[in-house]
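# Tertiary structure, described
Next come the chains, spelled out residue by residue.
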Amino acid sequence: MSELLEKIGLCIEFGKINNASVYPPNMRGEDGADELTKRAIEEGVNPGDVLNKALIPGMDRVGQKFSENKIFVPQMLMAAKAMSAAMKHIQPFFQSGAVKQKGTFIIGTVAGDLHDIGKNLVAMMIEGSGWEVIDLGVDVNSNQFMEALKENPGSAIGLSALLTTTMVNMEKIVADINAFSSDSKILIGGAPVNTDFCEKIGADFYSPDPQGAVAYLNSLT
Ligand code: B1M
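Residues numbered from 1 in each chain as written. Predicted model: local features only at pLDDT ≥ 70, side-chain atom pairs only at ≥ 80, totals over all residues. Heavy atoms only, no water.

### Details of the site of the ligand
Under the convention used in this document: Being near a molecule or strand, for a residue, means having at least one of its heavy atoms within 4 Å of it. Distance and chemistry together define a polar contact, namely a pair of N or O atoms within 3.5 Å, with one atom able to donate a hydrogen and the other to accept it when in protein, and with adjacent residues in sequence counting only for side-chain atoms on both sides. Each helix corresponds to a stretch of at least 4 residues labelled H or I by DSSP, and each strand to a stretch of at least 2 residues labelled E; elements are numbered beginning at the N terminus. Under the scheme applied, nonpolar residues are Ala, Val, Leu, Ile, Met, Phe, Trp, Tyr, Cys and Pro; charged residues are Asp, Glu, Lys and Arg; polar residues are all the others, including Gly. An automatic or database domain assignment supplies the residue ranges for each domain.
As a matter of local geometry, the ligand sits amid 33 residues, with Ser 67, Leu 114, His 115, Asp 116 and Ser 160 nearest to it. Here His 115 contributes a side-chain N or O atom positioned 2.8 Å from a nitrogen atom of the ligand. Between Asp 116 and the ligand, the recorded distance is 2.7 Å, taken from a side-chain N or O atom to a nitrogen atom. Elements supplying a minimum of two residues to the shell around the ligand: α3 (47-67), α4 (73-94), α5 (117-128), β3 (156-160) and β4 (186-189). The leading source of residues in the shell around the ligand is α3, at five residues. Split by residue class, the shell around the ligand holds 19 nonpolar, 11 polar and three charged. Among the domains, domain 1 (2-96) and domain 2 (104-220) are the pair contributing at least three residues each to the shell around the ligand.

In structure tokens form, the structure reads like this:
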């Protein structure tokens with residue numbers, strides 16, 4: 001099992017999407033993230049293990065290499081595509097929460113930011129824990145959050161940011177939402193943010209991971 005997880009991690013790291021992908025050349029003809037994740041699930045590997053022991057460590061290595069200028073944006077993009085191909089197979093397990101509708105949760109990646117893998121994970125786990133999730137996608141501005149809030153009053157809101165440059169946009173969105181509806185609970189997350197930043201910008205909770213986000217939302221019910 002650990003060999004299979006290791007291979008899946010390598011597919012993410014090197015952007016090997018599926019058997020048909022010609023990239024990277026040295027893995028041509030081999031199964032990719034798509035087939036290997038499907039096989040892992042069919043063989044009974046825990047979807048949480050696929051996520052935490054293969055996909056996320058693979059993506060961490062991608063980030064590390066990008067920081068060291070060992071790879072560039074096209075390789076990161078291939079890694080993201082491989083990650084999406086794998087996530088398709090684990091998604092149903094996180095979305096199969098039996099109890100539905102504990103409340104409504106509006107989530108988006110903040111304006112200027114196109115990273116959506118972490119946001120999608122948070123959304124799928126929250127949905128799986130019984131919340132209705134309205135996913136506004138990426139590059140979402142204050143007006144879009146407030147429109148969704150007008151249509152779904154009383155919803156909790158989740159903001160994700162992956163870039164230090166988009167943290168300021170998160171700050172603006174939180175201020176706008178608080179001015180519009182001071183009783184809306186705002187949860188923030190993403191690699192560059194933390195509890196101090198959360199307090200500074202007036203958000204209600206920071207979670208470093210989807211599990212913490214689920215626990216926080218469930219504490220509101
Ligand atoms: Co980008 N990128 N990227 N990138 N990218 C990072 C974030 C970076 C850290 C890489 C690096 O330098 N090491 C760096 C940011 C540096 C900084 O700001 N300090 C960076 C950069 C610089 C850029 C560009 C500017 C590159 C360029 O064009 N020169 C550009 C910006 C584009 C834009 O957004 N405007 C860019 C582009 C891209 C791609 C499009 C190629 C691709 C994204 C594809 C996609 O998302 N569909 C990409 C990728 C893949 C990455 C890395 C490698 C991986 C991100 C990821 O998906 N991680 C990333 C390096 C890294 O993080 N290791 C990097 C896996 C994911 C599961 O983790 O998103 O952190 P994460 O989510 C976690 C937690 O943070 C948390 O839960 C998740 C699961 O544990 N979480 C929440 C997230 N949101 C939450 C919300 C919550 C609660 C928890 O509540 C609401």
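Picking up where we left off.
### Some thoughts on the domain arrangement of the protein chain
For clarity, the cut-off: Note on definitions: a residue-residue contact is assigned when non-hydrogen atoms from the two residues lie within 4.5 Å. Put simply, buried area is how much 1.4 Å-probe accessible surface two parts lose in total, over both of them, once they are put together. In what follows, salt bridge is the name for a side-chain nitrogen of Lys or Arg lying within 4 Å of a carboxyl oxygen of Asp or Glu.
For the protein chain, the assigned domains read domain 1 (2-96) and domain 2 (104-220). One C-alpha centre belongs to domain 1, the other to domain 2, and the line joining them spans 26 Å. Each partner contributes to the interface: domain 1 provides 10 residues, whereas domain 2 provides seven residues. Note on domain 1 versus domain 2: buried area summed over both sides is about 800 Å², and carbon and sulfur give 78% of it. Between the two partners, domain 1 and domain 2, sit zero salt bridges. Counting across the domain 1 and domain 2 interface gives zero residue pairs in polar contact (both at pLDDT 80 or more). It is α4 that contributes the most residues to the side of domain 1 that touches domain 2, five residues altogether. Taken together, the residues that form the side of domain 1 that touches domain 2 break down as seven nonpolar, three polar and no charged.

### What to know about the coordination of the cobalt atom of the ligand
Each pair of donors in an ideal octahedron of six around a metal sits at 90 or 180 degrees, and each pair in an ideal tetrahedron of four sits at 109.5 degrees. Defined as follows: The rule for donors is simple: an N, O or S atom within 2.8 Å of the metal counts, and for Na, K and Ca the reach is 3.2 Å. Water is not among the atoms, so a site may look short of donors.
The protein gives the cobalt atom of the ligand a lone donor atom, His 115 (NE2), placed 2.2 Å from the metal. Residue placement: His 115 occurs in the loop between β1 (104-109) and α5.

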